[in-house]
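Chain by chain, the residues run as shown.
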Amino acid sequence: MFPIQEFLKHALKFSSLKCFYYTLQPTRHPIERVFWIAWCFLMFLAAAWLSLCNWDRYQKNPTVISLERNYLDWNTTLSALTLCPRPGLDQAAVLRVARYPKDVEKGVEFLNALANWTYPNLGQIPNDHEFEPSLYQQMLMYLRVNFSHNLPNLPSSQKLSLSMTEVGICYSLNSQLAFYADPRYWMSNNWNLRKPVILIHGNPLDVAEMSVQVNDIKVSFNAYLHDGEETIDGSSNLMFPVGFQEAMYLDICALSTYSTEATRTLSVQQRKCRFIEESNLEISPVYSYRLCQSECRMHLSLKLCGCIPYFYRNTGKYKVCGPSGMNCLDKYKERLLKLRDGNKREVCDCIQNCNFVNVWTTRILQGAWDRDTIVRLSLDSYPRYRLKRDIFYSFGDLLAQMGGTTGLCFGCSVLSIFELFYIITMRLFFFIKNKEYMKPIYS
């Protein structure tokens, strides 16, 4: 048996860890040894508690949102505009498809009811037809109305992108996400991310007025306003109905929140937000808060009625609702829209986007127009401030705090930790190999 206690006593005598050295001296009074043991134990608990507090702060609250006022230094992005035709089907094409069932009249009634069956308009739907539920989405894509339009004074990269949403087939302008909601993209089994679109933006030093206009629309539609890195869903409230041969002018204001590049080094749980490329969704390779809520509705539909509506991306894993399933979902309309069962909120685990823009209207002008329908969206005034999410408590701050804690409780430093490692490795090795080698050090 090697005299390890003797080794530790002499090794710690000349180290900065004298607290432990005093507990190993056999010549001291027992009460004094108990005192040093208790003191070392209390200091260890204090250091552990303070270190855990610092670690908890770094894990749960390392960021801060501050107000920026240097508005001349940044660009303001115009909100996205999404137009959803009503009715959404070409009636001539509907008649052609409706000839396949035995009863043409019932087929037309069902197809029109199917196109209008969206979360804002859930209702009972006829069930006496011969259409396969898995083909609903493809049929509606084939039967969609020709949404002709004109985009004056916009670059060729800006166009209306088709997308399948919870409110039906829509067309979006100035959107990063509409491309990923196109059923043609789904049918190609594509999950790849594309190069981000350059959204319409401006600066008060460069562009006096920022606006977009869609001309020559030959159908009625509902217009939605939303952030360019967001989409619309059944609970979207910035909706404006526009009739045929009407003109609508929308003036908006915006407040943006952005996250610095440094926040990307943090985990999603630490910063409590997601960038669009950090998707954890089953229905999309990109993330947004409303997409997450849509997926939550999809899973809730599956839970309540054993099927999902036709307007979600489905890889064949889930059954698509037929008339009986759609009539079942109609019974839970409020619960699906609000994602709340009475006072109990559904568990969706959806967090906000790291970069997002809150949009609201300041003026709405709408009236009859003797030509095809137009809609114009303008930024009322450039915002004078924005919100910035940045790191307030970094990993370096954590190390500094924990180092200060151990220094306060034990008088330790990085050198002390290295010294302790040296004592229990190299010095112990030489002590065991040749005790005589250590005698000069003890003397």
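As a convention, each chain's residues are numbered from 1 in the sequence order in which they are written. For a predicted model such as this one, the threshold for reporting local features is a pLDDT of at least 70, and the threshold for listing and counting side-chain atom pairs is 80 or more; totals across whole chains, interfaces and linings nevertheless cover every residue. Side-chain descriptors were evaluated using all non-hydrogen atoms of the structure, hydrogens and water having been removed beforehand.

**Examining the side chain of R389**
Then step 1. With respect to the helices and strands, the residue R389 is situated in strand β15 (residues 386-391).
Then step 2. Any pair of N or O atoms that falls within 3.5 Å is considered a polar contact. Within protein, one atom must be able to donate a hydrogen and the other to accept it, and sequence-neighbouring residues count only if both atoms are side-chain atoms. Side-chain polar atoms of R389 contact the side chain of S259, separated by 2.9 Å. Helix numbering and strand numbering both begin at the N terminus, where a helix is a DSSP run of H or I of at least 4 residues and a strand a DSSP run of E of at least 2.

**Some remarks on unusual backbone geometry**
Then step 1. Positive phi values are uncommon outside glycine, yet N174 reaches one of about 65°.
Then step 2. Backbone geometry places D349, a non-glycine residue, at a positive phi of 55°.
Then step 3. With respect to the secondary-structure elements, D349 resides in the loop between β12 (344-345) and β13 (356-368).
Then step 4. Think of it in three bands: with a 1.4 Å probe and only protein chains considered, a residue is buried below 20% of the maximum accessible area for its type, exposed above 50%, and partly exposed in between. Relative accessible area serves as the criterion here: at 63%, D349 is assigned to the exposed category.

**Comments concerning the pattern of salt bridges**
Then step 1. Only one rule defines a salt bridge in this text: a Lys or Arg side-chain nitrogen within 4 Å of an Asp or Glu carboxyl oxygen. Tallied over the full model, the rule gives 17 salt bridges.
Then step 2. Among the ionic pairs, K60 bridges to D56, the shortest N-O distance being 3.3 Å. Of the two residues, K60 and D56 both sit in helix α3 (residues 30-60), four residues apart, roughly one turn of that helix.
Then step 3. For K60, a relative accessible area of 52% puts it in the exposed group.
Then step 4. In this structure D56 comes out as partly exposed when scored by relative accessible area, which is 36%.
Then step 5. Note that E282 and K317 form a salt bridge whose closest N and O atoms lie 3.8 Å from each other. On the criterion of sequence distance, the pair formed by E282 in the loop between α8 (268-271) and α9 (289-305) and K317 in the loop between α9 and α10 (323-330) is long-range, its members being 35 residues apart.
Then step 6. On the basis of relative accessibility, which here comes to 58%, the residue K317 falls in the exposed class.
Then step 7. Several salt bridges share partner residues, and in doing so they unite E166, D233, R290 and R297 into one network.

**What about empty space enclosed by the protein?**
Then step 1. Grid points spaced at 1 Å and placed over the protein atoms alone form the basis of the search, with a cavity being a set where a 1.4 Å probe fits but cannot get out and a pocket an open set showing protein on both sides within 12 Å along at least five of seven lines. Lining residues have an atom within 4 Å of a point. Grid points are joined across faces, edges and corners, and a volume is the space filled by probe spheres set on the points. Tallying each qualifying case throughout the model produces two cavities of 30 Å³ or more.
Then step 2. Elements with a minimum of two residues in the lining of the largest cavity: β4 (161-165) and α9.
Then step 3. By residue class, the composition of the lining of the largest cavity is eleven nonpolar, four polar and two charged.
Then step 4. Approximately 60 Å³ is the volume found for the second largest cavity.
Then step 5. For the second largest cavity, the full set of lining residues is W191, E282, I283, M298, R313, N314, T315, K317 and Y318.
Then step 6. A class-by-class count of the residues in the lining of the second largest cavity yields four nonpolar, two polar and three charged. Three classes are used, and their members are as follows: Ala, Val, Leu, Ile, Met, Phe, Trp, Tyr, Cys and Pro are nonpolar, Asp, Glu, Lys and Arg are charged, and the others, Gly among them, are polar.

**Points about the nonpolar core**
Then step 1. With 84 residues, the main nonpolar core has L83, L111, V214 and Y310 as its most contacted residues.
Then step 2. Here this core gets seven residues from one element, more than from any other, and that element is α9.
Then step 3. Beyond its immediate chain neighbours, meaning those up to four positions away, L83 contacts F147, C170, Y171, V214, I217, F221, N222, A223 and V375. What is meant by a nonpolar core is a set of buried Ala, Val, Leu, Ile, Met, Phe, Trp, Tyr and Cys residues, joined one to another through side-chain atoms within 4.5 Å. Pairs of residues are marked as contacts when any of their non-hydrogen atoms sit within 4.5 Å.

**Re the packing of aromatic side chains**
Then step 1. When the centres of two rings from Phe, Tyr and Trp lie within 6.5 Å, Trp using its six-membered ring, the rings pair. Their planes under 30 degrees apart give stacked, over 60 give edge-to-face, and anything left gives tilted. Counting across every chain of the model gives 14 aromatic pairs.
Then step 2. The interplanar angle of 45° and the centroid separation of 6.0 Å between the aromatic rings of W55 and Y58 together place this pair among those described as tilted. Separated by three residues within a single helix, W55 and Y58 lie in helix α3, roughly one turn from each other.
Then step 3. Considering the side-chain rings of Y136 and Y310, the 6.5 Å spacing of their centres and the 85° angle between planes classify their relative orientation as edge-to-face. With Y136 in helix α6 (residues 136-143) and Y310 in the loop between α9 and α10, the pair connects residues that are 174 residues apart, well separated along the chain.
Then step 4. What makes Y136 buried here is its relative accessible area of 0%.
Then step 5. Classification of Y310 by relative accessible area gives buried; the value is 5%.

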